[in-house]
Amino acid sequence: MKSKGAIKFFAIALTLVCLFQLSFTLVSYIEDQKAENYANGDKEKERAYLDSIAYQEVYNLGIRQYTYLECKERSLNLGLDLRGGMHVTLEVSLSSLVNRLANNPSDSTFVQALRNAERDRGEAEDGFISLFYEKLTELDPDVKLSNYFATSDNQDHVTFQSSNQNVMEFLQEQAESGLDNTYNILQTRIDRFGVTQPNIQLQENTGRIVIELPGADNPERVRKLLQGTANLEFWETYKNQEFSQYLVAANDALADELEITGDTTQTEAGERMDDYFDQQEEPDTGLEARADTIAAPDDTGDIAAVDTDNLLSALGREDTAGDDTSEQLSEAEMRQQNPLFALLYPNITQNDEGAFANEGPVIGYARGADTVKINEMLNSDAAREVLPPDVVFFWEVKALPESDNSFVLIAGRAAPGTGGAVLDGKVITDAGVDIDQAGSRQIRMVMNSEGAAEWKRVTAANIGNEVAIVLDNKAYSYPTVQGEIPNGISTITGGFSAQESEDLANILKSGKLPISVNIIEEAIVGPSLGEASINQGMLSLLVGLLLVLIFMGFYYHKSGLVANFTLVANLFFILGVLSSLGAALTLPGMAGIVLTIGMSVDANVLIFERIREELRAGKGMRLAVADGYKNAYSSIIDGNLTTLLTGIILLTFGTGPIYGFATVLVIGILTSFFSAVFISRLIFDWMLDKETVMKFGTKATLHVMENPNLNILEKSRVAYMVSGVVILLGLISMFTRGFDFGVDFSGGYSYIVEFEEPQQTEEIRSMLEPHFGGAPEVKTFGSSRDFKITTSYLINEDAEGTAARVESSLQSGLEQLNGGYEVLRSEKVGPTIASDIKTSAFWSVLFSLLVIFLYIFFRFRRWQYGLGAVVAVTHDVLLILGLFSLLHNIVPFSLEVDQAFIAAILTVVGYSINDTVIVFDRIRENLGLHKRTPLTENMNNALNATLSRTMITSGTTFLVVLVLFLFGGEIIRGFSFALLIGILVGTYSSLFIATPVAAKFHRIQMEAEKQNKMAQ
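All values reported here derive from a predicted model rather than from experimental measurement.

**A closer look at the packing of aromatic side chains**
The geometry of an aromatic ring pair comes down to the distance between the two centres and the angle between the two planes.
Part 1 of the reasoning: Inspection of every chain in the model, using the stated rule, returns 35 aromatic pairs.
Part 2 of the reasoning: Centre to centre, the rings of phenylalanine 572 and phenylalanine 573 are 5.8 Å apart; their planes meet at 50°, and the pair counts as tilted.
Part 3 of the reasoning: The exposure class assigned to phenylalanine 572 is partly exposed, which follows from its relative accessible area of 24%.
Part 4 of the reasoning: Here the basic side chain of lysine 45 rests over the ring of tyrosine 38, its NZ or CZ set 4.8 Å away from the ring centre.
Part 5 of the reasoning: Across from the ring centre of tyrosine 629, 5.0 Å away, lies the NZ or CZ of arginine 681, which sits over that ring.

**A closer look at the pattern of salt bridges**
Part 1 of the reasoning: What the rule picks out here adds up to 22 salt bridges.
Part 2 of the reasoning: When the shortest N-O distance is used, the salt bridge between arginine 765 and glutamate 762 registers 2.4 Å. One end of the pair is arginine 765 and the other is glutamate 762, both in helix H25 (residues 761-772) and 3 residues apart, which spans about a single turn.
Part 3 of the reasoning: Judged by relative accessible area, arginine 765 falls into the buried class, the value being 19%.
Part 4 of the reasoning: In this structure, a network of salt bridges that share partners links the residues Arg610, Glu613, Arg922 and Glu925.

**A closer look at a negative patch on the surface**
Part 1 of the reasoning: There is a patch of like negative charges on the surface, built from Glu169, Glu173, Glu176 and Asp180.
Part 2 of the reasoning: For aspartate 180, the location among the structural elements is in helix H9 (residues 164-191).
Part 3 of the reasoning: Under the relative-accessibility criterion, aspartate 180 is labelled partly exposed at 34%.

**Notes on the packing of helix H28 (residues 863-887) against helix H29 (residues 899-929)**
Part 1 of the reasoning: Taken N-terminus to C-terminus, the directions of H28 and H29 make an angle of 150°; their axes are 9 Å apart at the nearest point. What the angle tells us is that H28 and H29 run roughly antiparallel. For the element pair H28 and H29, the recorded crossing hand is right-handed. Note on element contacts: H29 touches H28 through Phe901, Ile905, Val908, Val909, Ser912, Ile913, Thr916, Phe920, Ile923 and Leu927, opposite Tyr865, Ala869, Val873, Asp876, Val877, Ile880, Leu881 and Phe884.

**Let's talk about the packing of H29 against helix H31 (residues 947-967)**
Part 1 of the reasoning: Packing of H29 against H31 brings their axes to within 11 Å, and their N-to-C directions diverge by 165°. Between H29 and H31, the angle falls in the class roughly antiparallel. For H29 against H31, the interelement crossing comes out right-handed. Within the contact between the two elements, H29 uses Tyr911, Asn914, Asp915 and Ile918 and H31 uses Arg949, Thr950, Thr953, Ser954 and Thr957.
Part 2 of the reasoning: Within the contact of H29 with H31, the residues separate by chemical class into 2 nonpolar, 5 polar and 2 charged.

**Let's talk about the pairing of strand S7 (residues 232-237)**
Part 1 of the reasoning: Taking burial as the measure, the 6 residues of S7 include 6 buried ones, the bulk of the element.
Part 2 of the reasoning: Residues Leu232, Phe234 and Glu236 line one face of S7 and the alternating positions Glu233, Trp235 and Thr237 line the opposite face, and both faces are buried.
Part 3 of the reasoning: In this sheet, strand S19 (residues 467-471) lies alongside S7 in antiparallel orientation, the contact comprising 5 bridges. Across the sheet, tryptophan 235 pairs through a bridge with alanine 468, a residue of S19.
Part 4 of the reasoning: Here 2 bridges tie S7 to strand S16 (residues 423-424), and the two strands are oriented antiparallel to one another. Looking across to S16, one finds that phenylalanine 234 is bridged to leucine 423.
Part 5 of the reasoning: Alignment of S7 against strand S15 (residues 406-413), held across 2 bridges, turns out to be antiparallel. Within S15, the residue paired with threonine 237 across the bridge is glycine 412.

**Some points on the environment of glycine 774**
Part 1 of the reasoning: By the secondary structure assignment, glycine 774 is in the loop between H25 and strand S27 (777-780).
Part 2 of the reasoning: For glycine 774, a relative accessible area of 24% corresponds to the partly exposed category.
Part 3 of the reasoning: Note: C-alpha distance between glycine 774 and threonine 791 (17 residues apart in sequence) is 8.6 Å.

**Re the confidence of the model for the protein**
Part 1 of the reasoning: Counting all residues, the mean pLDDT for the protein is 78, and 84% of those residues have values of 70 or more.
Part 2 of the reasoning: Mean pLDDT across the elements of the protein bottoms out in strand S9 (residues 303-305) (32) and peaks in strand S14 (residues 391-396) (91).
Part 3 of the reasoning: Here residues 262-291 is a poorly scored stretch, pLDDT under 50, and it has 56 contacts once near neighbours within four places are set aside; other chains count.
Part 4 of the reasoning: Contacts for the low-pLDDT stretch residues 295-327, under 50 throughout, to residues beyond four places or in other chains number 55 contacts.

**Section: the environment of threonine 790**
Part 1 of the reasoning: Relative to the helices and strands, threonine 790 is located in strand S28 (residues 786-791).
Part 2 of the reasoning: On the accessibility criterion, threonine 790 (13% relative accessible area) is buried.
Part 3 of the reasoning: Remark: the alpha-carbon pair of threonine 790 and glutamate 777, spanning 13 residues in sequence, is separated by 5.1 Å.
Part 4 of the reasoning: When near neighbours in sequence (up to four residues on either side) are disregarded, threonine 790 contacts Tyr749, Ser750, Pro776 and Glu777.

**Structural notes on the nonpolar core**
Part 1 of the reasoning: Phe684, Ile856 and Phe920 are the most contacted members of the largest nonpolar core, which totals 122 residues.
Part 2 of the reasoning: Other than its neighbours up to four places away in sequence, phenylalanine 920 contacts Ile856, Phe860, Tyr865, Ala869, Ala994, Thr995 and Ala998.
Part 3 of the reasoning: In terms of nonpolar packing, the next biggest core, distinct from the first, is built from 44 residues, Ala113, Leu114, Phe170 and Val222 among them.

**Observations concerning helix H1 (residues 4-39)**
Part 1 of the reasoning: Counted at 1.5 Å a residue, the expected span for H1 with its 36 residues is 52 Å, and the 52 Å between its end C-alpha atoms agrees.
Part 2 of the reasoning: Just downstream of H1, asparagine 40 is the residue with a positive phi angle, here 55°.

Calculation criteria
Residues numbered from 1 in each chain as written. Predicted model: local features only at pLDDT ≥ 70, side-chain atom pairs only at ≥ 80, totals over all residues. Heavy atoms only, no water. Phe/Tyr/Trp six-rings, centres within 6.5 Å; stacked < 30°, edge-to-face > 60°. Buried < 20%, exposed > 50% of the residue type's maximum accessible area, 1.4 Å probe, protein only. Lys NZ or Arg CZ within 6 Å of the ring centre and 35° of its normal. Salt bridge = Lys/Arg side-chain N within 4 Å of Asp/Glu carboxyl O. Helix = DSSP H or I, 4+ residues; strand = E, 2+ residues; numbered from the N terminus. Patch = residues over 30% accessible without salt bridge, like charges linked within 9 Å, V, L, I, M, F, W, Y side chains within 5 Å. Areas by Shrake-Rupley, 256 points an atom, 1.4 Å probe, with all protein chains shown as cover. Lys, Arg positive; Asp, Glu negative; His and termini not counted. Charge placed at Lys NZ, Arg CZ, Asp CG, Glu CD. Axes fitted to C-alpha atoms, helices over the stretch in contact; angles between N-to-C directions. Parallel < 35°, antiparallel > 145°, perpendicular 65-115°, else oblique. Left-handed = near helix turned anticlockwise from the far one by under 90°. Contact = heavy atoms within 4.5 Å. Nonpolar A, V, L, I, M, F, W, Y, C, P; charged D, E, K, R; others polar. Pairing = 2+ DSSP bridges. pLDDT = per-residue confidence, 0-100. Core = buried A, V, L, I, M, F, W, Y, C linked by side-chain atoms within 4.5 Å. Expected span 1.5 Å × (residues − 1).

Below, the structure is given as structure tokens:
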């Protein structure tokens, strides 16, 4: 073998690099064990211990020392399914950016084009901006973009004379800049979030940002952190005392409108108003207790009198203090005359002397469920006719303490001229958490010079008045200005918890998101499920590896021990390369390792079987080894390349579990080729130089399948009939029963729940049905205590807090069942990403077939080989699809068609092609050596010559995947089942489908050529 020195150097260098990278994993593990032992099961104590050593030196290499945090960041990264945490896919709303840049976003053509672009954004090849322009020109072929985007804010880039191309370039620049800035701001927020080894990836072509937060255990906190746009504003406010008259007028106007329209939708609202009055004569809002200030605290709680007649009548009551004979309004009249106050309770104090409006900007409060309806009322045309034109309403971010989820409503006043806030958050340069004298947390904000000057003017003009501090349209605080603030340093108070104050300061410090983002996919894995996944994955990995090592040692004797060494080296290289690249090892990745172990046997088997052939031909050991390697190279390269192409397609189209599996598969193919071909050859050459006795089999195995003489091609007709019947049954099932589509393809929310006691699926479904507005899908997930619950409830809603509402509905239903429960995993896939996943799955399978056909066509110079391979692979795919359709809801485990299933399909494609290519390679060799031998005989001989290799490789691969199926856990049982079926079907098709099809069309071409010659 040539270049032994280079191979030795590379092997040593790769080993040292892998050792160095994996050493950080070992050091981190030792420190984690110390923390676990110290905490003795107390997770908070364990976390505090690790935080305390984060910046301490724990690893000294002499030339460089590493802290615990540095070691943790460099250690082998475990995916969320192995350690628990949260996976989120954010979609950046480029439509909101286009809308914000336009000067007339309410134009009907503009609005329709934007809606059409949003609808078809999954089909955009050149990005959303180009798609929007395409939709706009469909509606208006002569559209002039400058008419929409020539604004004062854009005047440096767009004028009314700008061409459409210039405007498009401007929009593209704004979109790219907005996407990059959004990514950078989110990355800054995540870096400060406090999780180890976070991962954030920008997918520029799709406008999506994929984020993984290992160990994150508060999903709602994560959602707020990621979706909070940090739109900080300071608003002047109306005083409740002066605004109460407008509130009464708005209520009257709405009542008049109801009388005219005959709207009777307020019945439920009237009943809620009765509940307010029945439950508490004078509701305790706790408003007087608030003393938020800017500068010094102010404990004055003065109450001023107002027009009690108007206010009381607006409440549906008369002043009965002096007249016991007065009659209250009837229930029906009260509901009809007080549509607003039926939902919104005004900020008043009632006593024997009458009703009084409390001081401050709070105009009322309402239950959280009613806030949307109140917003609609206050923004209706009827209400806006009587309300001040400059009023803006804000709900307080947190519910009132000790209330029935009630929220405060603030009346803000728009600044003259701008119609907006008097100051916004772009002037904030720094933010942090302070503790005041009372021990409460507050947010300290530092402004730049421009902001400080403006803040000085605003505070001087509003001494004695309140200024509302609003973040993302929610009022966080509304302190009273006690004096002019000249230095631009202010605080936000609001009864924050430690976590809330840190997150808010983080968001303010990171900056405002330039574009709004929506969570379109998320997955949450509990730590208990992650621990179980590690145990199951490691068990399947070790058992599979052990079985392969035993078989190779038994079947090939001393040579098998060499193969075993290269298998272990291959595993070491895979983990080392993963660690070096910073890639995460996921549960599908573990499946990839198990599969790679089985498939890496193939190269060793190919070499050993060729060496055995050379020895049977009478060659000496050294020459037999050299010729065996030389003759096996072509088959090994072809087989590995076709599987590698499949892996690259998976990497290109896949996300989540597919991507994790494909990463390991591609790395494993490269490292197994290097280990099995080059390292094993170095060992054999060393053994030959040492004159070590070498054996390639034992007495029991040396002559197994030696010189088989089966007429395999003759059996192809029977194979065609069997395959045809099974495929036909599968197709009928596909079009009648369909598939059990996972949430990846259907969209929705999915939860894996473990109960303390056994449950019945029907009982779970009936308990959840009223809470989800329909029956969810409930399936057992491995045992009578584990269930997978899937629902489409609220999946089309993007409003903040929607996921929390779905989780709350889930809890409300499950709490009615006997025994406790734990949600081990939750997943959300929006309809947009579900559609994209289905599209990418279709194209990935189709593209893989095309690539395989082209590779084989160019490699073997005959289209018949490419056709035979594609027919065989199509046969394999149809058989697996048919079986998954036929068997779902019959076998006692999940057969969902999801992303992992597509990964399995494409892996089977690669495996099947690997088998087929090796047969074709031997056919090509036979045709070159035995040119006068008939084609059919040459092909049969090739099938027989490779039969031992086919059976050994298929057997060992089947064995390790069987271990994966039995011990890998419920989550990947359907995935491993597809692989098991695929291995059997792929082996069968390479023998009875691919080669016979190629032979058939080869003969047809030969007959045609013969006829042409005779005709000439």
